[in-house]
Amino acid sequence: MIVNRTILTLDEFTLQQLRAFPTATGELSSLLRDIGLAAKRVNVEVNKAGLVDILGDAGAVNVQGEDVKKLDIYANNQFMGVLKHGISCAGIGSEELDDVVVFDDEVSNNSKYVVLFDPLDGSGNIDVNVSIGTIFGVYRRVSEIGKPCTAADFLQAGNRQVAAGYIVYGSSTMLVYATKRGVNGFTLDPSIGEFSLSHPNIKCPPSGKIYSVNHGNFFQYEKSVQQYINTCQKKDKTNGGPYTQRYIGSMVADVHRNLLKGGIFMYPGTIDKPKGKLRLQYECNPFAFITEIAGGKATNGKQRILDIVPTELHQRSPLFIGSINMMNELEEYLKQA
Ligand code: P6P
């Protein structure tokens, strides 16, 4: 019987990758399947968030000083749980937790990887039914295998990531996953409860006509950023302007759209927040890794995001990310500063 495998599930895709690379141990594939499982569980709760008492503030405030929504906590526990009980992860760092969590059991201590994640980015949008997402980055440990992972494992530059991805809980639920071999998108098929390969080998268009920025902070941006934003609004044959402004206020949704359609997303430093708002380790770095593998570019306005050596787990960074031609155009303005 010939089985018509026109659409690969996430599991089939990871097994196919394993067959193609026999030397692979399967730990990274197993880690991806763990993340896919947690994503399916979170998706169920996100999809019914309006119906159950999972909305609203949990009364807690996280390390960022933000009200923690109950769904944040649920998502954090789901991803932490599957990674702790898997075979590939020695510990995690999360936006929702003040410090890293060292799993410190025999299997985990012998695992090669650590994971940094934002369990539910854009959670302020939960109550108004706007797309939200999970963001994660995977690093090979620098600490000794066989012993508990250490804080140093979680303070590696983003160029040390071996994989990164995100889940966008939107009109459909999609998991986008990148390794050095490429970026692939899997859409959750509710009829079989599996993520299925829907966007193989994603490439970020080199140019685009979408710019994403919070105009409310305009007068707090550096002059060079203001000048670039003004250019985005001008009719200009050379850059295809004017561009369209699209800003959802949920990074996963904004960056995902620009990755597929072409565009630039900016969260610059402001007078109030010179380092910007976004966190380096589990927002900027994973998206910078994914975007570069897809052919785009990501900087903090001065240097490549992936080359920044972190000093703190929750440090913030300005972020400019997207289509390479739009990023190069922006950098011409930033150089003049
Ligand atoms: P602002 C959500 O809280 C978030 O961290 C990102 O998802 C989003 O891009 C950004 O903040 C929006 O911030 O200040 O423009 O509302």
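What you are looking at is a predicted structure, and each value in this text was computed from that prediction instead of being measured. (Residues numbered from 1 in each chain as written. Predicted model: local features only at pLDDT ≥ 70, side-chain atom pairs only at ≥ 80, totals over all residues. Heavy atoms only, no water.)

### Regarding the layout of surface pockets
Now for step 1: Its boundaries defined by the atoms lining it, the largest pocket holds a volume of some 500 Å³.
Now for step 2: Contributions of two or more residues to the lining of the largest pocket are made by α1 (10-20), α2 (27-47), β7 (161-169), β8 (173-179) and β9 (182-189).
Now for step 3: Residue classes in the lining of the largest pocket are distributed as nine nonpolar, 10 polar and five charged. (1 Å grid on protein atoms, 1.4 Å probe; cavity = no way out; pocket = protein on both sides within 12 Å on 5 of 7 lines; lining within 4 Å. Points joined across faces, edges and corners; volume = space filled by probe spheres on them. Helix = DSSP H or I, 4+ residues; strand = E, 2+ residues; numbered from the N terminus. Nonpolar A, V, L, I, M, F, W, Y, C, P; charged D, E, K, R; others polar.)

### Observations regarding the domain arrangement of the protein
Now for step 1: Here the protein is partitioned into domain 1 (10-199) and domain 2 (210-336).
Now for step 2: The partner domain 2 presents 32 residues to the 46 residues of domain 1 that form the contact.
Now for step 3: Across the domain 1/domain 2 interface, buried area totals approximately 2,700 Å², and carbon plus sulfur atoms make up 65% of it.
Now for step 4: Among the residues of domain 1 in contact with domain 2, Ile135, Leu155 and Tyr166 are the three that bury the most area, contributing 21% of the side total.
Now for step 5: Taken together, the links from domain 1 to domain 2 amount to one salt bridge.
Now for step 6: The shortest N-O distance in the salt bridge between glutamate 95 and arginine 279 comes to 2.5 Å.
Now for step 7: The tally of links between domain 1 and domain 2 comes to 12 residue pairs in polar contact (both at pLDDT 80 or more).
Now for step 8: Counting only elements with at least two residues in the side of domain 1 that touches domain 2, the list comes to β5 (113-121), β6 (132-140), β7, β8 and β9.
Now for step 9: It is β7 that provides the largest number of residues to the side of domain 1 that touches domain 2, a total of eight residues.
Now for step 10: Residue classes in the side of domain 1 that touches domain 2 are distributed as 23 nonpolar, 16 polar and seven charged. (Domains from an automatic or database assignment. Contact = heavy atoms within 4.5 Å. Buried area = accessible area lost by both parts, 1.4 Å probe. Salt bridge = Lys/Arg side-chain N within 4 Å of Asp/Glu carboxyl O. Polar contact = N/O pair within 3.5 Å; in protein donor to acceptor, adjacent residues only side chain to side chain.)

### Here we look at empty space enclosed by the protein
Now for step 1: Per the counting criterion, the structure on display carries one cavity of 30 Å³ or more.
Now for step 2: Taken as a whole, the largest cavity encloses approximately 40 Å³ of empty space.
Now for step 3: For the largest cavity, the full set of lining residues is Cys204, Val255, Asn258, Leu259, Gly263, Thr291, Ile321, Gly322 and Ser323.
Now for step 4: Put simply, the parts of the chain that give the lining of the largest cavity at least two residues each are α6 (251-261) and β15 (319-322).
Now for step 5: Among the elements that take part in the lining of the largest cavity, α6 stands out by supplying three residues, more than any other.

### Points about the sheet that holds β8
Pairing between the strands of a sheet comes from backbone hydrogen bonds, and it takes one of two forms, parallel or antiparallel.
Now for step 1: With respect to topology, eight strands assemble into an open sheet ordered β4-β3-β5-β6-β7-β8-β9-β10, the strand pairing being mixed. Each edge of the sheet is formed by a strand with only one pairing partner; in this case those strands are β4 (101-102) and β10 (194-199).
Now for step 2: Where strand β3 (residues 89-94) lies against β4, two bridges are found, and the strand directions are antiparallel. Its bridge partner lying in β4, glycine 91 is registered against valine 102.
Now for step 3: Its contacts with the sheet put α2 on β3, β5, β6, β7, β8, β9 and β10, and the angle it makes with β7 is roughly 20 degrees. (Pairing = 2+ DSSP bridges. Axes fitted to C-alpha atoms, helices over the stretch in contact; angles between N-to-C directions.)

### Concerning the pairing of strand β13 (residues 264-267)
Now for step 1: Burial of β13 is two-sided: the residues Ile264 and Met266 facing one way and the residues Phe265 and Tyr267 facing the other way are all buried.
Now for step 2: Direction of pairing for strand β11 (residues 210-212) relative to β13: parallel, over a ladder of two bridges. Among the inter-strand pairings, serine 212 is bridged to a residue of β13, identified as phenylalanine 265.
Now for step 3: Sheet topology note: the β13/β15 ladder contains four bridges and is antiparallel. Residue pairing across strands places isoleucine 264 opposite glycine 322, the latter belonging to β15. (Buried < 20%, exposed > 50% of the residue type's maximum accessible area, 1.4 Å probe, protein only.)

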